[in-house]
Amino acid sequence: MTADLTCYGDLTPLHGVVGDFDLRSPMDVHTWYHDQWRSIADPLGFTQAHEAELSRVSASSIDVNTRIRASNTAGINAFARALRDRDDGVTAAHARVQEGVLRQLLVDGQTSGQLWRVTADPMTVTAGACYPDADGQLSRAFYPDPSPGYFGDGWRGPPPPAESACGWTTPLTLHLGTFPWVYSTRLESSPAALRWTHSTLQPAIVGMTALAHLLEPAGNLRQDASQVAAIYQHFRAQTEPLILRLPQWQVGRAQAGTLYSRAGRLHVHQGSTQIAGLMGPRGWISAPAYNYCVTRFAAFFALRRAILRALPAFPELRQLAASSPDPCLHAQLKEARLAV
């Protein structure tokens, strides 16, 4: 079966950002998933923990599904190890509400096929997405993100039907597909969701679990890729004019400390990208956030291509594809005469 994704729009800028692979090859799968988790672990600071966890995953001939589960479990466990005993000033009450909301949104997103970006009426989630602060006053458990940003033009929408006890006047919106950069208007170097931690509670682990779900073939197929494509196209429209202003990196001609565009990512020659970035009409976007988000978009569609090429060999994935809410996927199944 071919892997034609043109029905999602122009995805050519993502080609080459991450490599393609054969889902039927255990070694291909082992290498690709190692690379993806390395691209997550490096900017988030848990590379050593990830390598330690990954050393427990055999590279010998394990079946593909077992290998993928093991790779994703190693990634989540490594992230959890890195967060162990970490406390970013989030109170237990705050973390408890965040964790309850995230678990509910994870289930809802998986069911609806809209996990990459989850949007909910705050009044329908745990504690109304409110928590008591040190003074006993109710505060919002997440940052309200309704303004136009890099992932969309804003989600003001109708206000919650009932008055929020902590001041919610817009939907709760989180971009879990680019976790921990979950807010459209906050793409700074230090991602907000990385601070969803308490010494005994780490709601951030639930966010990483959502990201890992999208890295599973079944989770990828359950996700409506048209939602991901629309968010990517908006991200590209907002960032491409900024990227075009940068010089292209060339071997032997780069200057130390200069920010370049290189193979679809931002690169500082002989320097760190940590403090680099771009200022646009939607605000500051840090180089680490830009590179991470581009990689996550590219990985999602690389996995979708691998799934489509391998569908004849995986009956269970064909059944999932047939039940997907994604109309483009249905058209591809029909064309390949694989509809269930």
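See the structure above.
Residues numbered from 1 in each chain as written. Predicted model: local features only at pLDDT ≥ 70, side-chain atom pairs only at ≥ 80, totals over all residues. Heavy atoms only, no water.

1. Focus: the overall build of the protein
- Along its length, the protein carries 10 helices and eight strands.
- For the protein, whose C-alpha radius of gyration is 20 Å, the value lies close to the compact-globule estimate of 20 Å for 340 residues.
- Over its C-alpha atoms, taken along the principal directions, the protein stretches across nearly 60 × 55 × 40 Å.
- The burial tally for the protein puts 52% of its 340 residues in the buried class.
- Considering only residue pairs separated by 6 or more positions, the protein has 70% of its internal contacts joining residues 24 or more positions apart.
- When the accessible surface of the protein is split by element, carbon and sulfur atoms take 51% of a total near 14,600 Å². (Helix = DSSP H or I, 4+ residues; strand = E, 2+ residues; numbered from the N terminus. Rg over C-alpha atoms; globule rule 2.2 N^0.38 Å. Buried < 20%, exposed > 50% of the residue type's maximum accessible area, 1.4 Å probe, protein only. Contact = heavy atoms within 4.5 Å. Areas by Shrake-Rupley, 256 points an atom, 1.4 Å probe, with all protein chains shown as cover.)

2. Quick notes on empty space enclosed by the protein
- Scanning the model with the defined rule gives one cavity of 30 Å³ or more in all.
- The calculated volume of the largest cavity comes to roughly 60 Å³.
- Along the walls of the largest cavity sit W116, G177, L211, L214, L215, R296, A299 and F300, which together make up its complete lining.
- The set of elements that each furnish at least two residues to the lining of the largest cavity consists of α5 (203-214) and α8 (287-310).
- The dominant element in the lining of the largest cavity, judged by the number of residues it contributes, is α8, at three residues.
- When the residues that make up the lining of the largest cavity are grouped by side-chain class, the tally is six nonpolar, one polar and one charged. (1 Å grid on protein atoms, 1.4 Å probe; cavity = no way out; pocket = protein on both sides within 12 Å on 5 of 7 lines; lining within 4 Å. Points joined across faces, edges and corners; volume = space filled by probe spheres on them. Nonpolar A, V, L, I, M, F, W, Y, C, P; charged D, E, K, R; others polar.)

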